[in-house]
Amino acid sequence: MREVGATAKPTPPARTRQLTAAARWARRAPLLPALIFTIVVTQLPFVATLIISLMRWNSLDPANRGFAGVDNYTAVFTDPDLRSAIGTTVVLTATVVLVSLVLGLGLALLLDRKFAGRGLVRTMLIAPFLVVPVAAALLWKHALYNPEYGLFNGVLTWLFGADAAQPEWISGMPLIAVEASLVWQWTPFMMLILLAGLQSRPQDAVEAARIDGATAWQVFRYLTLPHLRQYLELGALLGSIYVVQNFDAVFTITSGGLGTANLPYTIYQTFYQAHDYGQASAAGVVVVVGSIVIATFALRVVSSLLREEVRG
């Protein structure tokens, strides 16, 4: 008989489970500092923002501070300025992403061909994406749009003489002016994604189609475009995540005026000018939730692409 209080030796399966758990912790332990740092830097500020979004907190009215429930979120979707900012954000994001995808696809198709100096051309086309966003916005505002010394009006003068019209690009078409600067910056990003998709095409299928007499348009429509579908989706989703949060171009080119104030700029105005921290936090949470939704779809597309690569 076993003595009372004696410790039973672990059975082999139990010992195996202990060793497996220890091995898992040994692999994960080096990642703990990075995980803790990420939580402190990203999640704790978001939790604080979420808490503030449920409060009445305006520094111009310190006596009226307290729990507000969902009033700030109601204001985000019912306030005319904020509702207009949401609409502007949707239009700005959709236009920039779609135009960048079309231009990026055209450039990717060109760079997929072999020609002299292709490496140099590719580097030059990627350059706009590497420019600091504020610097890119300043470039467009002063070097291109300025009615007195900007490149666009200078080209008009060169083509049509001193009597050529000198349009006010920013005041005449403010939203298009912001969209053009963002399209210029994001087209290289779309081009890189789509070029990677083009270079992963099964070349044997393309060659077989050409031998069977398929035209270039038929190859593109029935082989290239279906193959690029997930890459197009990935570019659209990743572009949307970043463009929906864009602040630099709106702030630098138009200062949010003339109907160009998107949601990030309106959050800036609400926080730093109106000093309504609760409402600004609620609008920020709306932006974060929207970005998370888009990012979830993007991760699914990436996962499906990786699964296809593994199967291939």
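Reading the values: rules and limits
Residues numbered from 1 in each chain as written. Predicted model: local features only at pLDDT ≥ 70, side-chain atom pairs only at ≥ 80, totals over all residues. Heavy atoms only, no water. Helix = DSSP H or I, 4+ residues; strand = E, 2+ residues; numbered from the N terminus. Buried < 20%, exposed > 50% of the residue type's maximum accessible area, 1.4 Å probe, protein only. Contact = heavy atoms within 4.5 Å. Areas by Shrake-Rupley, 256 points an atom, 1.4 Å probe, with all protein chains shown as cover. Salt bridge = Lys/Arg side-chain N within 4 Å of Asp/Glu carboxyl O. 1 Å grid on protein atoms, 1.4 Å probe; cavity = no way out; pocket = protein on both sides within 12 Å on 5 of 7 lines; lining within 4 Å. Points joined across faces, edges and corners; volume = space filled by probe spheres on them. Nonpolar A, V, L, I, M, F, W, Y, C, P; charged D, E, K, R; others polar. Axes fitted to C-alpha atoms, helices over the stretch in contact; angles between N-to-C directions. Parallel < 35°, antiparallel > 145°, perpendicular 65-115°, else oblique. Left-handed = near helix turned anticlockwise from the far one by under 90°. Patch = residues over 30% accessible without salt bridge, like charges linked within 9 Å, V, L, I, M, F, W, Y side chains within 5 Å. Core = buried A, V, L, I, M, F, W, Y, C linked by side-chain atoms within 4.5 Å. Phe/Tyr/Trp six-rings, centres within 6.5 Å; stacked < 30°, edge-to-face > 60°.

Right, let's get into the overall build of the protein. Check the secondary structure of the protein and you find 14 helices and two strands. Taking all 312 residues of the protein together, 33% fall into the buried category. Put simply, of all contacts in the protein between residues at least 6 apart along the chain, 68% involve residues at least 24 apart. For the protein, the exposed area adds up to about 19,000 Å²; of that, 68% sits on carbon and sulfur atoms.

Moving on, we come to the pattern of salt bridges. With the rule as written, the count across this model stands at three salt bridges. Between Arg201 and Asp112 there is a salt bridge, with the nearest N and O atoms lying 2.8 Å from each other. Residue Arg201 is located in the loop between α9 (174-199) and α10 (203-211), and its partner Asp112 is located in the loop between α4 (80-111) and α5 (118-130); the two are separated by 89 residues in the primary sequence. The buried category is assigned to Arg201, whose relative accessible area is 13%.

Moving on: the layout of surface pockets. The calculated volume of the largest pocket comes to roughly 380 Å³. Around the largest pocket, the lining comprises 16 residues; the ones closest to its centre are Ile267, Ala280, Gly284, Val287 and Val288. Those elements that provide at least two residues to the lining of the largest pocket are α2 (32-52), α13 (263-272) and α14 (277-311). It is α14 that contributes the most residues to the lining of the largest pocket, six residues altogether. Residues that form the lining of the largest pocket fall into these classes: eleven nonpolar, five polar and no charged.

This part covers the packing of α9 against helix α11 (residues 216-243). Helix-helix packing is described using two parameters, namely the angle between the two axes and the distance between the axes. Relative orientation of the contacting elements α9 and α11 amounts to 150°, with a least axis distance of 9 Å. When the axis of α9 is compared with that of α11, the two are roughly antiparallel. With respect to the hand of their crossing, α9 and α11 are arranged in right-handed fashion. Each of Trp186, Phe189, Met190, Ile193, Leu194, Gly197 and Leu198 in α9 lies in contact with α11, whose residues at this interface are Thr224, His227, Leu228, Tyr231, Leu232, Leu234, Gly235, Leu238, Gly239, Tyr242 and Val243.

Before going further, it helps to spend a moment on a nonpolar patch on the surface. On the surface, Trp25, Leu32, Leu35, Ile36, Phe37, Ile39, Val40, Val41 and Leu44 cluster together into a nonpolar patch covering about 880 Å² of accessible area. If you tally residues by element for the nonpolar patch, the top one is α2, at eight residues.

Formed by 39 residues in total, the largest nonpolar core has its most connected members in Leu92, Val96, Ala108, Val178, Leu182, Leu194 and Ile253. Elements with a minimum of two residues in this core: α4, α6 (133-144), α9, α11, α12 (248-254) and α14. Broken down by element, the residue count for this core peaks at twelve residues, all from α9. Among the nonpolar cores identified, the runner-up in size contains eleven residues, and Tyr73, Val76, Ala85 and Ala280 belong to it.

Turning our eyes to something else, we now look at unusual backbone geometry. For residues other than glycine, phi is negative in most cases, and the peptide bonds are mostly trans. Although it is not a glycine, Ser255 adopts a positive phi angle of roughly 55°. Note on placement: Ser255 falls in the loop between α12 and α13. Residue Ser255 is classed as partly exposed on the basis of its relative accessible area of 42%. Phi angles above zero are rare outside glycine, and Leu258 is one such case at about 60°. Of note, Leu258 is situated in the loop between α12 and α13. According to the relative accessible area criterion, Leu258 is exposed, its value standing at 57%.

Below, the discussion takes up empty space enclosed by the protein. With the rule as written, the count across this model stands at one cavity of 30 Å³ or more. Considering only enclosed or pocket space, the largest cavity measures out at about 40 Å³ in volume. The wall of the largest cavity is formed by Pro133, Ala136, Ala137, Ser181, Leu182, Gln185, Asn246, Asp248 and Ala249. When contributions to the lining of the largest cavity are tallied by element, the ones reaching two or more residues are α6, α9 and α12. Of the residues contributing to the lining of the largest cavity, the split by class is five nonpolar, three polar and one charged.

Here the focus is the packing of aromatic side chains. Here the structure, examined in full by the defined rule, presents 20 aromatic pairs. Ring geometry for Phe152 versus Trp169: centroids 5.5 Å apart, planes at 70°, classification edge-to-face. Here Trp169 lies in helix α8 (residues 169-172) and Phe152 lies in helix α7 (residues 151-160), a separation of 17 residues in the sequence. With a relative accessible area of 27%, Phe152 lands in the partly exposed category.

Now for the environment of Gly104. Here Gly104 shows up in helix α4. In this structure, the C-alpha to C-alpha distance between Gly104 and Leu192, residues 88 residues apart in sequence, is 7.8 Å. For Gly104, the residues in contact, after removing those within four places along its chain, are Thr187, Met190, Met191 and Leu194.

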